[in-house]
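Each chain, letter by letter, is given below.
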Number of protein chains: 2
Amino acid sequence: MARGDEPADLALVGGRVLSVFTGEMLDADVAVVDGSVAGVGAGYRAADEVVDVSGSILLPGFIDGHMHLETTKLTLDQFARAALRWGTTTVVLDPHEIANVLGVPGIRSLLAGAADVALDAFLMVSSCVPASPFESSAETVMADDIAALLADEPGAIGLAEMMDYPAVVAGDADAVAKLLAAQGRHIDGHAPGLSGRGLNAYLAAGVRSDHECTTYEEALEKRRLGMWVMIREGSAARNVESLLPLVLEHGTTNCLLCTDDREPDELLEHGHVNDVIRRAVSLGCPPADAVVMATLNAARYHRLHEHGAIAPGYVADVVAVEDLERFDPVRVWKRGRLVSEGGHLADVPPISAPDWMRASVRVPRMSADDFAIRVDGRARVIGVQPGSIVTRALVDEPGRSEGRSVADPSRDLAKIAVIERHRGTGRIGLGFVRGFGLRRGALASTHAHDAHTVIVVGVDDHDMAVAVRRLAEIGGGQVAVGDGTVLAELPCPIGGLLSDLSVEAVAASARGLEHAAAQLGATLPSPFMAMSFLALSVVPELKLTDRGLVDVTRFELVPLQA
Amino acid sequence: MARGDEPADLALVGGRVLSVFTGEMLDADVAVVDGSVAGVGAGYRAADEVVDVSGSILLPGFIDGHMHLETTKLTLDQFARAALRWGTTTVVLDPHEIANVLGVPGIRSLLAGAADVALDAFLMVSSCVPASPFESSAETVMADDIAALLADEPGAIGLAEMMDYPAVVAGDADAVAKLLAAQGRHIDGHAPGLSGRGLNAYLAAGVRSDHECTTYEEALEKRRLGMWVMIREGSAARNVESLLPLVLEHGTTNCLLCTDDREPDELLEHGHVNDVIRRAVSLGCPPADAVVMATLNAARYHRLHEHGAIAPGYVADVVAVEDLERFDPVRVWKRGRLVSEGGHLADVPPISAPDWMRASVRVPRMSADDFAIRVDGRARVIGVQPGSIVTRALVDEPGRSEGRSVADPSRDLAKIAVIERHRGTGRIGLGFVRGFGLRRGALASTHAHDAHTVIVVGVDDHDMAVAVRRLAEIGGGQVAVGDGTVLAELPCPIGGLLSDLSVEAVAASARGLEHAAAQLGATLPSPFMAMSFLALSVVPELKLTDRGLVDVTRFELVPLQA
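Conventions we followed
Residues numbered from 1 in each chain as written. Chains lettered and ligands numbered in written order. Predicted model: local features only at pLDDT ≥ 70, side-chain atom pairs only at ≥ 80, totals over all residues. Heavy atoms only, no water. Pairing = 2+ DSSP bridges. Helix = DSSP H or I, 4+ residues; strand = E, 2+ residues; numbered from the N terminus. Axes fitted to C-alpha atoms, helices over the stretch in contact; angles between N-to-C directions. Contact = heavy atoms within 4.5 Å. Buried area = accessible area lost by both parts, 1.4 Å probe. Salt bridge = Lys/Arg side-chain N within 4 Å of Asp/Glu carboxyl O. Phe/Tyr/Trp six-rings, centres within 6.5 Å; stacked < 30°, edge-to-face > 60°. Buried < 20%, exposed > 50% of the residue type's maximum accessible area, 1.4 Å probe, protein only. Lys NZ or Arg CZ within 6 Å of the ring centre and 35° of its normal. Least-squares fit on C-alpha atoms with pLDDT ≥ 70 in both. 1 Å grid on protein atoms, 1.4 Å probe; cavity = no way out; pocket = protein on both sides within 12 Å on 5 of 7 lines; lining within 4 Å. Points joined across faces, edges and corners; volume = space filled by probe spheres on them. Nonpolar A, V, L, I, M, F, W, Y, C, P; charged D, E, K, R; others polar. Core = buried A, V, L, I, M, F, W, Y, C linked by side-chain atoms within 4.5 Å. Polar contact = N/O pair within 3.5 Å; in protein donor to acceptor, adjacent residues only side chain to side chain. Parallel < 35°, antiparallel > 145°, perpendicular 65-115°, else oblique. Left-handed = near helix turned anticlockwise from the far one by under 90°. Arc of directions from axis to C-beta.

(A) Fine view of the sheet that holds strand 3 (residues 25-27) of chain B. All names here are of chain B. Taken in spatial order, the six strands line up as 3-2-7-16-17-18 in an open sheet, and their pairing is mixed. Two strands lie at the open edges of the sheet, namely strand 3 and strand 18 (337-341), each paired on one side alone. Averaged over all neighbouring strand pairs, the angle between strand axes comes to 25°, with direction disregarded. Judged from the three bridges that link them, strand 2 (residues 16-18) and strand 3 form a sheet pairing that is antiparallel. In the strand pairing of strand 3, Leu18 is matched with Met25.

Now the structure itself:
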């Protein structure tokens, strides 16, 4: 069929095709056979199905180089419906959220339906479950688990972000065992701010990428030393603007795009990888370069040798757009099958999660007193920064009331609590946080990276207790509470992380939560997303786990009292 | 040691390091541990051995993306002595010359000493032995052989040039079986002039590179469709000048460098990959781009994930040069070991070939009458072009003498003969050739791609017979004969392809042969190299095998009579 002797299965005729190998736009027809590209060039017009794509630009299907499905709260089928519509045809998943709750069986179950979903979902095996010794996960992933998953899980390609970079740099035996379990595969990194000799040690251990760069200087140092820089634009962490000079000055070598964490409403309404591309282009990135980073480069980093290009021998993942500004797909083909047209969500067979993944939230019944804090004078305060998952380590004097240290909304000082929820110990870490803007009420979630404890931010202890109780009732998810009343919620009964509902319903609930949060005074964009990172003890500077405050820079627990 | 807590094995201090990831020159020290780079940055100065490289530029060791060792006539140890001196630290070999003579055992034997030679020698398993049905090889390499070599030969990484591109394009069962035997590995191509739908079919079959592009337009079409373009600068085929615009206009994506075939004297005196880099730079290529193509890009194409950069976790192959024009290495480290300094050849343990590889030249005793030709009127003539292995299909009237068709030096018309030499059949193909400039005598060789028959070009039948007889006596190699006397020779008793001698001695003999050829009137540069390609029935347009003239474009035997 490539020879043109017989009709192809599908011919896309009359369009312009971006060659990711030269950056040129080619006037070319595309012939597809058995889900792969057979021919690109003038005159491939004989096929069982001929589609006129004149006026369209054909791009390779977009690849998300690193993402956590769990942040979308969607099962893979519902995620695929929206992702395919936006032209994302391949994702590289690190399912370490579900792994913290449900272990290796959780990882396998998350991907169980992948073969039936048009989307290609590859697995980077979660490396740091729990993320650090300060976090109370339900389950662990050890070196043996990594080796087993790499050996027999379909689509397993490498080792996911080695977040415990201090352990790698220190040559910790467990960390080294995990790296060795992935020998011969590629290893993702996660090393915010790591520099100099520590960075060299991390790389010498075999790590090859990083998606935590927040400044040009940081990314440049890492790239110079061979790291693939994954330029991330998530719902909370938005790095395209800071990192784009890296591409403008030194080209696209070793650069790719990823979303890492995207909220369901943003996914449904604004886009996915196409939104990252659009953002880059809007900031001055040549369109072909932006697409290359989201296709060929992502594929090459991940050693997916048949992905990332519209070229003979490659999988026929094709996105038709009308311009190189909006990147709004008008048609999307996955392995030669039309999966979205005119902006409609893809039609994907449903996946249902088994019962053993449910009822995972175990906390004692809590009351306002459980959130009481007493410090003398000044306290450490987590300083949240919009658009970043890196916090600042602040110090301030809490409010005082009846001998207790309390929130003070007038100074944007809220309380934060993290509660162990896998074993029902009720172990609680307490602290203060600035940056949410809450005037009243509380926000709570079982999305609390990475152990997915219960996390709650509030200015009223009673509302905090109500929120936590509600989470326990619905089996996990997210709630907003004001004046003792649940204002909005998104149940996530699958491991306390994923919803059973459609992407439309989940997005609506997510919007409802954001609306409720705004009513409570929240000024932070994506406050639930921001909150979910405040327990992540591997991203600087100051975080809270159920064991207390963690100074991530020094990688040790520190007292609340400053 | 990367952390700087303990001294490294080796520190290269005070130099400038080229980052192939950004194209920048970094002021950085380099720490080496266990043959790998542990650290790159300021202050790696504590080591068991500290070398001051101030004033030097440190480049990653050069990689030859595609070459045939046999063309150098050197065993791997002798080749390594010269290649390392020029900064080539990794070669990707296709040993299809020896395979045509000695089969799979020949391939294994050629690489047998590789572990002891400092050079990294990777194997692309020869795919087309014989190169075509028109060639009379002694041995074959079939799909099963390919699978076996890929499974158990150390350093086997992929399938070497699929030269029989018509068979691939036609979907020939044997060709498909070979491609399938290499499934999951990368596959080199060889498709001079292939374009349009045929090219698409070749790529759809899984081929990913080509080193036979001779024009910008050809290379651009191939690159647009995803092919890696290996820009070749060999002794006979010199493509850098024609193909460099590809890099200047569209960057280095999918471009790498190779030598393919280099004569021993050129290797010893002018250089190896460094000479290709120098050539590219002299023609206007930015130096960093030229180096990237000879290092990182070659490594990435070949999926050698720890080669091609001076960066932590990469093998410590480092070339120190004083400028980015001459690319004349002043020091070379291979896996952290100094292997060349001040232009001295590397010290490499000797490899000796076993006896079963010898005495492979079997031809009946020949006389002048065996070379007699009789055609009526016009004959097909092979037109040799300097600097290209593509010939032209000419037609001309041979000279006449005593009823026979003879050479006519006054019109640069020589005779050419190709003689089966593996089974002693004496089967001979006869023809005419233009372009050598021979005034008298004959040149003969058992280097005759790819079946390595005997090939002889001459203007005197008696000298042609003397030359062939001498080749049989010395077990193969190359000879120049004038007036019935052997003027120069290079014995290659190992399979009729490789010498037992040092690179210095082989280079001296090669020079002697070229000098003798010049005395006989030859005006062609590298006449023996040019001659060796005249039996290669997979490079257009007109070639000669022991079965007769081959019209490569039509891929069929054609009569001498025009």
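(B) Structural view of the interface of chain A and chain B. Across the boundary between the two partners, chain A contributes 43 residues, which contact 43 residues of chain B. On the chain A side of the contact with chain B, A:Arg3, A:Arg197 and A:Arg224 bury the most area, a combined 19% of that side's loss. Counting the contacts that link chain A with chain B gives two salt bridges. With a closest N to O distance of 2.7 Å, B:Arg224 and A:Glu24 form a salt bridge. Of all the secondary-structure elements, those providing two or more residues to the side of chain A that touches chain B are strand 5 (36-41), helix 4 (165-170), helix 6 (196-204), helix 7 (216-224) and helix 12 (296-301) of chain A.

(C) Representation of the packing of aromatic side chains in the model. For the coordinates displayed, the defined rule picks out eight aromatic pairs over all chains. Note on A:Phe134 and A:Phe555: the rings are 5.2 Å apart at their centroids and 65° apart in plane angle, and the pair reads as edge-to-face. Pair noted here: A:Phe134 is in the loop between strand 10 (120-125) and helix 3 (143-152) and A:Phe555 is in the loop between strand 30 (548-551) and strand 31 (556-558), with a separation of 421 residues, a long-range link. Residue classification places A:Phe134 among the buried positions, given a relative accessible area of 12%. Between the NZ or CZ atom of B:Arg197 and the centre of the ring of A:Tyr44, over which it lies, the distance is 5.1 Å.

(D) Representation of the pattern of salt bridges. By the definition in use, this model includes 78 salt bridges over all chains. Between B:Asp396 and B:Arg434 there is a salt bridge whose closest N-O contact spans 2.7 Å. You can see B:Asp396 sitting in strand 20 (residues 392-396) and its partner B:Arg434 sitting in strand 24 (residues 428-434), a full 38 residues away along the chain. Here B:Arg434 falls in the partly exposed class, since its relative accessible area comes to 22%. Here the residues in one salt-bridge network are A:Glu233, A:Arg238, A:Glu241, A:Arg262, A:Glu266, A:Asp275, A:Arg278 and A:Arg279, joined through shared partners.

(E) Spotlight on the relation of the copies chain A and chain B. Its rotation angle being 180°, the transformation that places chain A on chain B also includes 0.0 Å of axial translation and leaves an RMSD of 0.0 Å. In symmetry terms, the pair is related by a two-fold rotation axis.

(F) Region of the structure containing the layout of surface pockets. Quantified by volume, the largest pocket comes out at close to 1,200 Å³. Along the walls of the largest pocket sit 44 residues, with A:Ile187, A:Ala204, A:Ala205, A:Gly206 and B:Glu306 positioned nearest its centre. When residues of the lining of the largest pocket are traced back to their parent elements, those giving at least two are helix 4, helix 5 (173-181), strand 12 (186-189) and helix 6 of chain A together with strand 5 (36-41) of chain B. Among the residues forming the lining of the largest pocket, the class breakdown is 22 nonpolar, 12 polar and 10 charged.

(G) Structural detail: the nonpolar core. Counting 206 residues, the largest nonpolar core has B:Phe79, B:Met162, B:Tyr202, B:Ile277 and B:Phe371 as the members making the most contacts within it. Ignoring any residue separated from it by four or fewer positions in sequence, one finds B:Tyr202 in contact with B:Met162, B:Tyr165, B:Val168, B:Val169, B:Gly189, B:His190, B:Ala191, B:Leu194, B:Val207 and B:Met227. Ranked by size, the runner-up nonpolar core spans 185 residues in total, among them A:Tyr165, A:Ala280, A:Phe327 and B:Val33.

(H) Layout of the sheet that holds strand 23 (residues 413-419) of chain B. All names here are of chain B. Read across the open sheet, the eight strands follow the order 20-19-24-23-26-25-27-28; overall the sheet is mixed. At either margin of the open sheet sits one strand with a lone partner, and together these are strand 20 and strand 28 (485-491). With strand direction ignored, the average angle separating the axes of adjacent strands in the sheet is 25°. Pairing of strand 19 (residues 379-383) with strand 20 involves five bridges; the strand directions are antiparallel. Directly across from Gly383, in strand 20, lies its bridge partner Arg392.

(I) Examining the side chain of A:His66 more closely. Residues and elements named next belong to chain A. Mapped onto the secondary structure, His66 falls in strand 8 (residues 62-67). At 3.2 Å, the side chain of His66 forms a polar contact with the side chain of Glu161. Within the structure, the side chain of His66 is placed 3.3 Å from the side chain of His211, a separation counted as a polar contact. Leaving out residues up to four positions away in the same chain, His66 has contacts with Val92, Asp94, Glu161, Asp188, His211, Met230, Cys258, Thr259 and Asp260.

(J) Local environment of the packing of helix 8 (residues 240-250) of chain B against helix 10 (residues 273-282) of chain B. Residues and elements named next belong to chain B. Where helix 8 contacts helix 10, the axes come no closer than 10 Å and their chain directions differ by 70°. Put simply, helix 8 runs roughly perpendicular to helix 10. Regarding helix 8 and helix 10, the two cross each other, and that crossing is right-handed. Judged by residue contacts, Val240, Glu241 and Leu244 of helix 8 engage Val276, Arg279 and Ala280 from helix 10. Looking at the contact of helix 8 with helix 10, its residues break down into four nonpolar, no polar and two charged.

(K) Helix 5 of chain A, seen in detail. Residues and elements named next belong to chain A. When helix 5 is considered as a whole, its buried residues turn out to be Ala175, Lys178 and Leu179. Along helix 5, the residues classed as buried sweep out an arc of 100° about the axis, all on the same side. Packed against the buried residues of helix 5 are helix 3, strand 11 (156-162), helix 4 and strand 12. The N-capping residue of helix 5, defined by a side-chain oxygen 3.1 Å from the backbone nitrogen of Asp174, is Asp172.

Any functional reading would require information beyond the geometric quantities listed.
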